[in-house]
Amino acid sequence: MFKFFKKKKDEEIESLISTETNDSEATTVISTEANDNEATTVISTEANDSERSGEISPKDEVDLTEEAEEESEKKQGGFKSLFSGLNKTRKKIGDQLDNLLNNYDEIDDDLYEEIEDILITADIGMKCTMELIDNLKEELVNRKVKDASKVKSVLRDVMADYLKSDEEIALATKSPTVILVIGVNGAGKTTSIGKISHRLKSEGKKVVLAAADTFRAAAIDQLRVWAERSEVAFVAHSEGSDPSAVIFDGIKSAQAKNADVLICDTAGRLHNKVNLMNELNKMFRIIEREYPEAHKEVLLVLDATTGQNAVNQAKEFLQSAGITGLVVTKLDGTAKGGFVFAIKSELGIPVKLIGVGEKIEDLQTFDAETYASAILNL
């Protein structure tokens, strides 16, 4: 269920919702969505039932082996991409820890203080740093580690455990699902949507994109390009149109096409803009009314280069929106990758996807162990 924005019980807004999303509004689409032929082309690329249910022949076994090898190569490539993308953060944390630990034989209070300094300067934050140090001390005692050279591997395990979440990390994609993507301008929101759609399409999902950021023509055009690249259906109105009407049409398109996932772009909005927050609330209510059977995902996109400012943004959004997960972008362009720990400490919202480069495959599912290993050079 959505944990919606604080509801403003205003009969005029209710009237707007009911009048702005009727069937006649649905006919005002100017930038047309994919037509039936285009949708058929997309659907025809998926494996049919007979291909899935056929007996496995020797040739099929070879193909399956090759697919397994390709999957393994993709995973290795994904880790290389993550490792490369976190280079600046790794120099800030991992390399500095190496230099520090090389100067110590035994573990003492001075060593802990210097580790604290390294973590704090990597934007992990004071509160989170102190928690990590306390956990590190406890784990070193439990493992009876006294050699300073072994501290980093223990710290890696402590960090990974800290980042793990009891909440679901995997992106909700059960059919049908609505993913609403929010965030401030410049965080990488529209690009992230494009990469997510490409990824879902490659997994065999039927995807519809709805360009509900109608305040900027460039946002509509950018999302249209991603839809064409990913070969998925696209719904948009003209610049300045009612964003909620686009959401309405997106829902109707997804229902008509029996789509698995509807991804909705929204205007880049600052958390202190009350009217824009009310508009987002309106979108939520339309989704709940018109598509109640759909699973809901609300992703907040945060720019890693802004460090603690991104944490503050998330706090403000969280006061009003039921955020289910975070997308952290531009980690390859900053040494502030430690702020992922601050998010976990202060918000408790799971990081679901991270961006570590410009390529499509550089938007990756977040994994606590590989992330900790990458920033510590282990």
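Residues numbered from 1 in each chain as written. Predicted model: local features only at pLDDT ≥ 70, side-chain atom pairs only at ≥ 80, totals over all residues. Heavy atoms only, no water.

Would you mind going over the overall build of the protein with me for this structure?
Helices and strands together make up the secondary structure of the protein, namely 16 helices and eight strands. The 378 residues of the protein split such that 49% are buried. Contacts in the protein between residues at least 24 apart in sequence constitute 80% of all its contacts with a sequence separation of at least 6. Accessible surface for the protein amounts to roughly 18200 Å². Of this, 47% is attributable to carbon and sulfur atoms. (Helix = DSSP H or I, 4+ residues; strand = E, 2+ residues; numbered from the N terminus. Buried < 20%, exposed > 50% of the residue type's maximum accessible area, 1.4 Å probe, protein only. Contact = heavy atoms within 4.5 Å. Areas by Shrake-Rupley, 256 points an atom, 1.4 Å probe, with all protein chains shown as cover.)

Help me out: how do you make sense of unusual backbone geometry in this one?
The phi angle of most residues is negative, glycine excepted, and most peptide bonds adopt the trans form. The step from Ser175 to Pro176 runs through a cis peptide bond, and the omega angle for that step is -5°. The backbone phi angle of Asn258 is positive, close to 55°, even though this residue is not glycine. Its place among the elements puts Asn258 in the loop between α12 (243-256) and β4 (261-265). Of note in this structure, Lys330 is not a glycine but carries a positive phi near 60°.

How should the sheet that holds strand β1 (residues 177-182) be read in this particular structure?
Overall, mixed pairing links the eight strands, which are arranged β3-β2-β4-β1-β5-β6-β7-β8 in an open sheet. Edge positions in the sheet fall to β3 (233-235) and β8 (363-365), since each of these pairs with one other strand and no more. In this sheet, adjacent strand axes meet at a mean angle of 20° when their direction is disregarded. Contacting β1, β2 (207-211), β4, β5 (295-303), β6 (325-329), β7 (351-355) and β8, helix α10 (residues 189-202) runs over the sheet at an angle of about 170° to β4. Of the strands in this sheet, β2, β3 and β4 are in contact with helix α11 (residues 217-230), which crosses β2 at around 170°. (Pairing = 2+ DSSP bridges. Axes fitted to C-alpha atoms, helices over the stretch in contact; angles between N-to-C directions.)

I keep staring at the packing of aromatic side chains and nothing clicks. Help me out?
One pair of aromatic rings is described through two measures. These are the centre distance and the angle between the planes. Tallied over the entire structure, the rule returns two aromatic pairs. Considering the side-chain rings of Phe366 and Tyr371, the 5.3 Å spacing of their centres and the 55° angle between planes classify their relative orientation as tilted. For the pair formed by Phe366 and Tyr371, the shared burial category is buried. What links up through ring pairs into an aromatic cluster is the set Phe341, Phe366 and Tyr371. (Phe/Tyr/Trp six-rings, centres within 6.5 Å; stacked < 30°, edge-to-face > 60°.)

Is there a simple way to think about the pattern of salt bridges in this case?
Pairing between side chains of opposite charge can happen when the charged atoms of each approach one another. Throughout the structure, instances matching the rule amount to 18 salt bridges. In this structure, the salt-bridge partner of Asp98 is Lys152, at a minimum N-O distance of 2.6 Å. Remark: Lys152 occurs in helix α9 (residues 151-163) and Asp98 occurs in helix α6 (residues 87-101); sequence separation between them is 54 residues. By relative accessible area, Lys152 is classed as buried at 7%. Across the pair Lys252 and Glu290 runs a salt bridge, and its minimum N-O distance is 3.1 Å. In this pair, Lys252 is assigned in helix α12 and Glu290 in helix α13 (residues 274-290), connecting sequence segments 38 residues apart. (Salt bridge = Lys/Arg side-chain N within 4 Å of Asp/Glu carboxyl O.)

Keep in mind these numbers describe shape, not what the thing actually does.
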